[in-house]
Amino acid sequence: MELTPKLVRTAHLKEFKQTGRKFSCLTSYDHMTAGIFDEAGIDVILVGDSAADNSLGYSSTLPVTVDEMISFGRAVSTAVKRSLVVIDMPFGSYETGAADALANAIKMMKTSGAAAVKLEGGERSGAQIAAIVEAGIPVMGHVGFTPQSVNALGGFKVQGRGEGAEQLIADAKAVEAAGAFAVVLEMVPAEIAAQVTREISIPTIGIGAGPDTDGQILVWTDFAGLSAQKPRKFVKRYANIRETLLESARQYAAEVSNGEFPTQDHSFEN
């Protein structure tokens, strides 16, 4: 199997793990950024429910709906030629049981254009993952800090420390046993993430989980510096788009106000 495939599929991620090739993941919620990330060679693009607070202005990921996620998924999938597109199942779309999880997964796959779904939870989500996988839909798991459970977890807290390590490892193994093709490890100690990566056969994707996971993912607005908020410890900003846009918008407003724009160069002749 190619290590730089023309079209990334779920099986390639397992091949990457087996050969030691680290792979990259970013979120995207729109056609333009998805096309840029795809062209850049990002291996996995996640249509994340982080669109809730990054694009829709919600205070958390909890309010975003299946239909809203499908709209984001369509925008992303129509732009992508190579990357593996995975779409988040939002809060409330799978917690009520395997039957509801399967029905919503089928709807999202039929209408979003994504190649796989992602859902949160380890042991508690095993039945849902198994039902979706049995129906022929690839599933990415997500353990450690799970944003949809932020209220139950008492805020944005590192998971898997101390006695919590045993449960974290059990959750990752439950996701693997249920048939998921990969699992996100969010905000967990690097040593525990490394242990999980060694002990399970499916690829691990870290976000705030240290350098030893098989892949890494960041929320694109964090990685590109679009947010005005101070980035979390695990985020590296590769650009400062917010400052660039802010300065450009200020310059535009000033030039319009003082009559510098548009000039003759930007006007049509009779």
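Remember, it's a predicted structure, so these values are computed and weren't measured experimentally.

Reading guide: rules and limits
- Residues numbered from 1 in each chain as written.
- Predicted model: local features only at pLDDT ≥ 70, side-chain atom pairs only at ≥ 80, totals over all residues.
- Heavy atoms only, no water.
- UniProt positions renumbered as here; feature names shortened; annotations may be inferred.
- Buried < 20%, exposed > 50% of the residue type's maximum accessible area, 1.4 Å probe, protein only.
- Contact = heavy atoms within 4.5 Å.
- Axes fitted to C-alpha atoms, helices over the stretch in contact; angles between N-to-C directions.
- Helix = DSSP H or I, 4+ residues; strand = E, 2+ residues; numbered from the N terminus.
- Left-handed = near helix turned anticlockwise from the far one by under 90°.
- Salt bridge = Lys/Arg side-chain N within 4 Å of Asp/Glu carboxyl O.
- Pairing = 2+ DSSP bridges.
- Phe/Tyr/Trp six-rings, centres within 6.5 Å; stacked < 30°, edge-to-face > 60°.
- Lys NZ or Arg CZ within 6 Å of the ring centre and 35° of its normal.

Draft legend 1. Inspection of the UniProt feature "active site" (unreviewed entry) in the chain at higher detail. In the UniProt entry, the feature "active site" (unreviewed entry) is given for Glu186. For Glu186, a relative accessible area of 9% gives the class buried. What Glu186 contacts, discounting residues up to four positions off in sequence, is His142, Val143, Gly144, Phe145, Pro147 and Ile207.

Draft legend 2. Representation of the packing of helix α8 (residues 164-178) against helix α9 (residues 190-199) within the structure. In contact at an axis separation of 10 Å, α8 and α9 are set at 35° when each is read in the N-to-C sense. Like other packed secondary-structure pairs, α8 and α9 cross with a definite hand, here right-handed. On α9, the residues touching Ala165, Leu168, Ile169, Ala172 and Lys173 of α8 are Ile192, Gln195, Val196 and Glu199.

Draft legend 3. Expanded view of the pattern of salt bridges. Applying the stated rule across the entire model yields six salt bridges. Residue Asp214 pairs with Lys17 through a salt bridge whose shortest N-O separation is 2.8 Å. Of this pair, Asp214 sits in the loop between β7 (204-207) and β8 (215-218) while Lys17 sits in helix α1 (residues 10-19); the two residues are 197 residues apart in sequence, bridging distant segments of the chain. As far as the burial class goes, Asp214 and Lys17 line up, both buried. Measuring nitrogen to oxygen at the nearest pair gives 2.9 Å for the salt bridge that ties Arg82 to Asp43. Residue Arg82 is located in the loop between α4 (66-77) and β3 (84-88), and its partner Asp43 is located in the loop between α2 (31-40) and β2 (44-47); the two are separated by 39 residues in the primary sequence. Relative accessible area serves as the criterion here: at 15%, Arg82 is assigned to the buried category. Connected through salt bridges with shared partners, the residues Arg21, Asp43 and Arg82 form a single ionic network.

Draft legend 4. Molecular detail of the pairing of β7. Burial of β7 is two-sided: the residues Thr204 and Gly206 facing one way and the residues Ile205 and Ile207 facing the other way are all buried. In terms of strand pairing, strand β6 (residues 182-186) meets β7 through four bridges, oriented parallel. The residue bridging Val183 from the neighbouring strand is Thr204, located in β7. As paired strands, β7 and β8 are joined by two bridges and run parallel to one another. Across the sheet, Ile205 pairs through a bridge with Gly215, a residue of β8.

Draft legend 5. Here's a closer look at the pairing of β8. Inspection of the sheet shows strand β1 (residues 23-27) paired to β8 by four bridges, in the parallel sense. Residue Cys25 lies in a different strand from β8, and its bridge partner there is Ile217.

Draft legend 6. Inspection of the packing of aromatic side chains at higher detail. Taken as a whole and assessed by the stated rule, the structure comprises seven aromatic pairs. Taken together, a centroid distance of 6.3 Å and an interplanar angle of 65° make the contact between Tyr29 and Phe72 edge-to-face. On the criterion of sequence distance, the pair formed by Tyr29 in the loop between β1 and α2 and Phe72 in helix α4 is long-range, its members being 43 residues apart. Classification of Tyr29 as buried rests on a relative accessible area of 3%. Ring pairs connect the aromatic residues Phe37, Trp220, Phe223 and Tyr238, which therefore count as one cluster. In this structure, Arg21 packs its charged tip against the face of Phe16, placed 4.0 Å from the ring centre. Between the NZ or CZ atom of Arg232 and the centre of the ring of Phe156, over which it lies, the distance is 4.1 Å.

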